[in-house]
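Structural overview for review
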Amino acid sequence: MKHKFIRILSPITLAVIAALDIAVLGFGVFAVKKIISAQSAAVIFFAVIEVFAIIIGVLVTREILKNGVLFFDDEFEFNGIDDKNIFAYESISEVEFYHDTSASLSKNFVDRHALIIITTNTGTVTTVDIGLTTKGTLKKIKKELQRHIDKEKIKG
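Source: prediction; values computed, not measured. (Residues numbered from 1 in each chain as written. Predicted model: local features only at pLDDT ≥ 70, side-chain atom pairs only at ≥ 80, totals over all residues. Heavy atoms only, no water.)

Right, let's talk about the overall build of the protein for a bit. In terms of regular secondary structure, the protein is built from 3 helices and 8 strands. The secondary structure elements of the protein, listed N-terminal to C-terminal, are β-α-α-β-β-β-β-β-β-α-β. Each of the 156 residues in the protein was classed as buried or not, and the buried ones make up 30%. When the accessible surface of the protein is totalled, it reaches about 9900 Å², and 64% of it is carbon and sulfur. (Helix = DSSP H or I, 4+ residues; strand = E, 2+ residues; numbered from the N terminus. Buried < 20%, exposed > 50% of the residue type's maximum accessible area, 1.4 Å probe, protein only. Areas by Shrake-Rupley, 256 points an atom, 1.4 Å probe, with all protein chains shown as cover.)

Structure (structure tokens):
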């Protein structure tokens, strides 16, 4: 089964995660230098805490980078959500895209908070909050949905 993956990642989130990862690695180098120069209980404790920080950093980065939308032949899935995340194309009656349209000083000028509201043929409405993402990512998701469902069903 072929699929297409569109990553939902804000550039500001990527920058923050990269900065945190660099800081953790920098502290790791510092911990190794301290262990080599002066071994003490405090330095070893710091190094053990640093190992845990590196493991957590790797897991968080991996989780951030794998969030997105998977498009299959007959359904699509939001893989960053645990519940109500798979939708069959044939069961969708309407998809509405909502995103902030104006820039402000309290938000990033590139990113927009986005919601995708999916209504099924049974009348069930599911709102998927994909958070801060670029307009380009939303356009890619909309374009891919238009390949699978009727264009009149897509609003916003």
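This part is about helix α2 (residues 41-66). Counted at 1.5 Å a residue, the expected span for α2 with its 26 residues is 38 Å, and the 38 Å between its end C-alpha atoms agrees. Restricting attention to buried positions, one finds in α2 the residues V43, A47, E50, G57 and T61. Those residues of α2 hidden inside the fold are in contact with α1 (11-37). (Expected span 1.5 Å × (residues − 1). Contact = heavy atoms within 4.5 Å.)

This part takes up the pattern of salt bridges. Where charged atoms from two side chains of opposite charge approach closely, those side chains can pair. Under the defined criterion, the tally for this structure stands at 4 salt bridges. Here K4 ties to E144 by a salt bridge, and the two come within 3.3 Å at their closest N and O atoms. Of this pair, K4 sits in strand β1 (residues 4-7) while E144 sits in helix α3 (residues 135-148), placing them 140 residues apart in sequence. Classification of K4 by relative accessible area gives partly exposed; the value is 40%. E63 is the partner of K66 in a salt bridge, and the nearest nitrogen-oxygen pair spans 3.7 Å. Here K66 pairs with E63, and both are found in helix α2, just 3 residues apart, close to one helical turn. By relative accessible area, which is 35% here, E63 ends up partly exposed. (Salt bridge = Lys/Arg side-chain N within 4 Å of Asp/Glu carboxyl O.)

On to a nonpolar patch on the surface. The grouping of I44, F45, V48, I49, V51, F52, I55 and L59 at the surface amounts to a nonpolar patch, some 760 Å² of accessible area in total. For L59, a relative accessible area of 46% gives the class partly exposed. (Patch = residues over 30% accessible without salt bridge, like charges linked within 9 Å, V, L, I, M, F, W, Y side chains within 5 Å.)

There is about 230 Å³ of room inside the largest pocket. I8, N67, G80, D129 and I130 are the residues nearest the centre of the largest pocket, which is lined by 14 residues in total. Looking at the lining of the largest pocket element by element, the count peaks at 4 residues for strand β7 (residues 125-134). Classifying every residue of the lining of the largest pocket by side-chain character gives 8 nonpolar, 5 polar and 1 charged. (1 Å grid on protein atoms, 1.4 Å probe; cavity = no way out; pocket = protein on both sides within 12 Å on 5 of 7 lines; lining within 4 Å. Points joined across faces, edges and corners; volume = space filled by probe spheres on them. Nonpolar A, V, L, I, M, F, W, Y, C, P; charged D, E, K, R; others polar.)

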